[in-house]
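The lines below spell out each chain.
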Amino acid sequence: MSGIFFEQDTPEQRRQLTELERRGYPVRRMTQYHVKIGEVNYYVTTGTITIDPAVRHKMKGFHALLALLDEKYPDPTLLSLQLW
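Computed from a predicted model, the values in this text were never measured in an experiment.

Here is what the cut-offs are and how they apply
- Residues numbered from 1 in each chain as written.
- Predicted model: local features only at pLDDT ≥ 70, side-chain atom pairs only at ≥ 80, totals over all residues.
- Heavy atoms only, no water.
- Phe/Tyr/Trp six-rings, centres within 6.5 Å; stacked < 30°, edge-to-face > 60°.
- Helix = DSSP H or I, 4+ residues; strand = E, 2+ residues; numbered from the N terminus.
- Buried < 20%, exposed > 50% of the residue type's maximum accessible area, 1.4 Å probe, protein only.
- Salt bridge = Lys/Arg side-chain N within 4 Å of Asp/Glu carboxyl O.
- Pairing = 2+ DSSP bridges.
- Contact = heavy atoms within 4.5 Å.
- Axes fitted to C-alpha atoms, helices over the stretch in contact; angles between N-to-C directions.
- Polar contact = N/O pair within 3.5 Å; in protein donor to acceptor, adjacent residues only side chain to side chain.

Here we look at the packing of aromatic side chains
Phase 1 of the analysis: Across all of its chains, the model carries one aromatic pair by this definition.
Phase 2 of the analysis: Between the aromatic rings of Tyr-42 and Phe-62, the centroid separation amounts to 6.3 Å while the plane-to-plane angle is 55 degrees, which identifies the pairing as tilted. Note that Tyr-42 is positioned in strand 3 (residues 40-43) and Phe-62 in helix 2 (residues 62-72), a separation of 20 residues in sequence.
Phase 3 of the analysis: Judged by its relative accessible area of 3%, Tyr-42 is buried.
Phase 4 of the analysis: Relative accessible area serves as the criterion here: at 7%, Phe-62 is assigned to the buried category.

With respect to the pattern of salt bridges
Opposite charge on two side chains permits them to pair, given that their charged atoms come into close proximity.
Phase 1 of the analysis: Enumeration over the complete set of coordinates arrives at seven salt bridges.
Phase 2 of the analysis: When the shortest N-O distance is used, the salt bridge between Glu-12 and Arg-15 registers 2.7 Å. Taken together, the positions of Glu-12 and Arg-15, both in helix 1 (residues 11-22) and three residues apart, correspond to about one turn of that helix.
Phase 3 of the analysis: Overall, Arg-15 belongs to the partly exposed group, its relative accessible area being 40%.
Phase 4 of the analysis: In this structure, Asp-70 and Arg-23 form a salt bridge, with 3.7 Å as the shortest nitrogen-oxygen distance.

A short note on the pairing of strand 3
Phase 1 of the analysis: The pairing of strand 2 (residues 34-37) with strand 3 spans four bridges and is antiparallel. Within the sheet, the bridge partner assigned to Lys-36 lies in strand 3 and is Asn-41.
Phase 2 of the analysis: Hairpin geometry of strand 2 and strand 3 is characterised by an intervening segment of two residues between the two adjacent antiparallel strands and by a positive phi of about 60 degrees at Gly-38.
Phase 3 of the analysis: Across three bridges, strand 3 lies against strand 4 (residues 49-51) in antiparallel orientation. Looking across to strand 4, one finds that Asn-41 is bridged to Thr-50.
Phase 4 of the analysis: Linkage of strand 3 to strand 4, two consecutive antiparallel strands, is achieved through a turn of five residues, within which Gly-47 is found at a positive phi near 80 degrees.

As for the sheet that holds strand 5 (residues 55-56)
Phase 1 of the analysis: Strands sit in the order 1-2-3-4-5 across an open sheet of five strands; the sheet is antiparallel. Strands with a single pairing partner mark the edges of an open sheet, and in this sheet they are strand 1 (28-29) and strand 5.
Phase 2 of the analysis: Judged from the two bridges that link them, strand 1 and strand 2 form a sheet pairing that is antiparallel. Among the inter-strand pairings, Arg-29 is bridged to a residue of strand 2, identified as Val-35.
Phase 3 of the analysis: Docked against the sheet, helix 2 engages strand 2, strand 3 and strand 4, running at close to 170 degrees with respect to strand 3.

Things to note about the side chain of Thr-48
Phase 1 of the analysis: Summarising the element assignment, Thr-48 is placed in the loop between strand 3 and strand 4.
Phase 2 of the analysis: The exposure class of Thr-48 is buried, given its relative accessible area of 8%.
Phase 3 of the analysis: A polar atom in the side chain of Thr-48 sits 3.4 Å from the side chain of Arg-56.

Rendered as structure tokens:
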């Protein structure tokens, strides 16, 4: 299993993180509750999404996150080339 998981993660949180990795997004686990993909921050327990520098996204939840990532980063492999 990837190093992005915490022992306390729920099965749903693990599924979401696995799906992000499967889609090729470079996921950084900032804390137990905070995931960062490029400029996008996702809070796994609340579904809250913010975009740096702290602009709150109008939608919440994993499906909203996927839609935002697909729009913002149509080629996720390019994200791994950038330094954050």
